[in-house]
Amino acid sequence: DSWVSSVGKGKPSVDPTEIPWSAIRTLLNQSIYGGRIDNEIDQRLLEAFVGTYFTEKSFLPGFCLVEADKASETKAIKPPEGNTREEMLAWAAGLPNSQSPIWLGLPANAEMVLLANRATMLTMNTMKLQSVDDDSPVITESGGDKAADAGPSWAKTLSKSANQWLAMLPEGIPLLDRSPENIKDPLFRFFDREVGIGANLIRLVRADLATLLEVCNGTVKQTNYLRALMADLLKGVLFSGWRKYKVPGNMSANAWVADLALRADQLKKIGDIARSGPAGLRTARVWIGGLFSPEAYITATRQAVAQENKWALESLQLELEMRDSEEDVPSSLTNSFLVTGLRVEGAQCKGTTVNLSTMAFSMAPLTVLRWYSAEEAAKRKASSNPVGVPLYLNVTRAELITVVNFK
């Protein structure tokens, strides 16, 4: 207000071109709202939103707060004509009752994506419901020779779940064979750490489940650790002692064990490839969302390319290329790596181009992760209009892995 007053100098109206729009946008982008943002993608969206409305063009007769959209039957919304309180209230009362996502610059199907996420959360919460007769899982110091059907219902429930989970998980994950030559390769070092984390986690979970079965049978006394484990598993929630990598906060224990089994399967396949030599890791198809440290994988590929070509690490630029099918592998994989399991939301990607789409999401069958030198990246940037697309860890969009340029 003080900025506008200083420009107006007591006049009843102010020329829109004299309003300090740049200062207002900076205040909103960096102080009022921007101070709460911790990643560049959200900051970019905020700046685009603020820049659309806080501009001298907002005083032009044809300016619209919301553009008309025929596909979603959204009508155009223009700023109020008057400047009194009654006129503002009348304008607000005349707005449509249903608020479209288009008002915020989102695609028309954004509401469907939110509803789908809520449905997923509802399903996961419903799966956590248990029918437990006893208020708390407390075992008496009785022998283990009782019949299996004589125990409390919570013990039967935990025993059934523990046996199912033990059947899903592998007995173990073989560690990679270290050698002075293998350890020089950045990709080998990364997967060596991944396999180590996976092997330790599988060992921990299987040991806890085996002990849990003994507690249910009455052959082992409870400890505080086991009580916490049983309390969480009876509720269907993930035990905090098992949460060694980032997963959605509402993930159930059953879904987590299934996810861990898939990750362990990938690590075993990676181990088989690594035993034939580190060179095989360059062409291995990696489910990047199934890694414990996906950001470290991106870094390892960057280090591998820089080491092989003797390029400066900070000069490399990343590019993703979406292929049409799993069999559509490029003839040359120089400075490239194969990634699977990427999910594209709100857009369609073909090759290195991206276009907005009304589809909620689509799965990329095969993606090529490629690094370019600074010189090559500058040439490609000059010949196209790159758009930074965020790569998130999962559908919650809480963990940003990196930003990739598309055309």
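Refer to the structure printed above.
Keep in mind that what you see is a predicted model, and the values were worked out from it rather than measured.

S.K.: Sorry if this is basic, but what is going on with the nonpolar core here?
M.R.: Grouped burial of nonpolar side chains is what soluble globular proteins tend to show. Membership of the largest hydrophobic core comes to 73 residues, with the highest contact counts inside it found for F191, W242, W256, L260 and Y297. Other than its neighbours up to four places away in sequence, W242 contacts L201, L204, V205, D208, L209, Y225, L229, L233 and W256. Listed in part, the 6 residues of the second largest apolar core include I19, L28, L46 and V50.

S.K.: For this particular structure, what's the right way to read unusual backbone geometry?
M.R.: The phi dihedral of K310 is positive, around 60 degrees, even though this residue is not glycine. Position of K310 among the secondary structure elements: in the loop between helix 10 (294–309) and strand 2 (317–323). Residue class for K310 comes out exposed when judged on its relative accessible area of 72%.

S.K.: Please clarify how the side chain of T340 should be interpreted in this entry.
M.R.: Within the element layout of this structure, T340 appears in strand 3 (residues 336–340). Residues in contact with T340, not counting those within four places in the same chain, are R285, V286, W287, I288, P365 and L366.

S.K.: Teacher, can you tell me more about the sheet that holds strand 2 here?
M.R.: Consider a sheet: its strands pair through backbone hydrogen bonds, and that pairing is either parallel or antiparallel. Ordered in space as 1-3-6-2, the 4 strands form an open sheet in which the pairing is mixed. In this open sheet, the two strands that pair with only one neighbour each are strand 1 (285–287) and strand 2. Ignoring strand direction, the axes of neighbouring strands in this sheet form an average angle of 35 degrees. As defined by bridge partners, strand 1 adjoins strand 3 across 3 bridges and the pair is classed as parallel. Bridging from a neighbouring strand, R285 pairs with L338 of strand 3.

S.K.: Please clarify how the side chain of R263 should be interpreted in this entry.
M.R.: With respect to the element layout, R263 can be found in helix 9 (residues 253–274). R263 sits in the buried class, given a relative accessible area of 5%. Within the structure, the side chain of R263 is placed 3.4 Å from the backbone oxygen of G290, a separation counted as a polar contact.

S.K.: Honestly, the packing of helix 7 (residues 186–217) against helix 8 (residues 224–235) in this entry has me stumped. Any pointers?
M.R.: Two quantities define a packed helix pair, namely the angle between the helix axes and the distance between the axes. Running from amino to carboxyl end, helix 7 crosses helix 8 at an angle of 90 degrees, the nearest separation of the two axes being 11 Å. Taken together, helix 7 and helix 8 sit at an angle that is classed as roughly perpendicular. Residues L204, D208, T211, L212 and V215 of helix 7 form the contact with helix 8, whose own contacting residues are Y225, L226, L229, M230 and L233.

S.K.: Sorry, what's going on with the pattern of salt bridges here?
M.R.: Should the charged atoms of two oppositely charged side chains come close, the side chains can pair. Applying the stated criterion across every chain, the model contains 16 salt bridges. Note that D259 and R263 form a salt bridge whose closest N and O atoms lie 2.6 Å from each other. With D259 and R263 both in helix 9 and 4 residues apart, the pair spans about one turn of that helix. For D259, a relative accessible area of 13% puts it in the buried group. Of the charged contacts, one joins K350 and D324 as a salt bridge, the two residues approaching to 3.0 Å between their closest N and O atoms. A residue pair is termed long-range when its members are at least 10 positions apart, and K350 in strand 4 (residues 342–350) and D324 in the loop between strand 2 and strand 3 qualify at 26 residues.

S.K.: Looking at this structure, how should I read the packing of helix 7 against helix 9?
M.R.: One way to put it is that helix 7 packs onto helix 9 with a least axis distance of 10 Å and a crossing angle of 135 degrees. When the interaxial angle is binned, helix 7 and helix 9 end up oblique. In the crossing of helix 7 with helix 9, the sense of the turn from one axis to the other is left-handed. Note on element contacts: helix 9 touches helix 7 through W256, L260, A264, L267 and I270, opposite F191, E194, V195, G198, L201, I202 and V205. Along the lines of polarity and charge, the residues of the contact of helix 7 with helix 9 split into 10 nonpolar, 1 polar and 1 charged.

Conventions we followed
Residues numbered from 1 in each chain as written. Predicted model: local features only at pLDDT ≥ 70, side-chain atom pairs only at ≥ 80, totals over all residues. Heavy atoms only, no water. Core = buried A, V, L, I, M, F, W, Y, C linked by side-chain atoms within 4.5 Å. Buried < 20%, exposed > 50% of the residue type's maximum accessible area, 1.4 Å probe, protein only. Contact = heavy atoms within 4.5 Å. Helix = DSSP H or I, 4+ residues; strand = E, 2+ residues; numbered from the N terminus. Pairing = 2+ DSSP bridges. Axes fitted to C-alpha atoms, helices over the stretch in contact; angles between N-to-C directions. Polar contact = N/O pair within 3.5 Å; in protein donor to acceptor, adjacent residues only side chain to side chain. Parallel < 35°, antiparallel > 145°, perpendicular 65-115°, else oblique. Salt bridge = Lys/Arg side-chain N within 4 Å of Asp/Glu carboxyl O. Left-handed = near helix turned anticlockwise from the far one by under 90°. Nonpolar A, V, L, I, M, F, W, Y, C, P; charged D, E, K, R; others polar.

Don't take any of this as a statement about function, it's just geometry.
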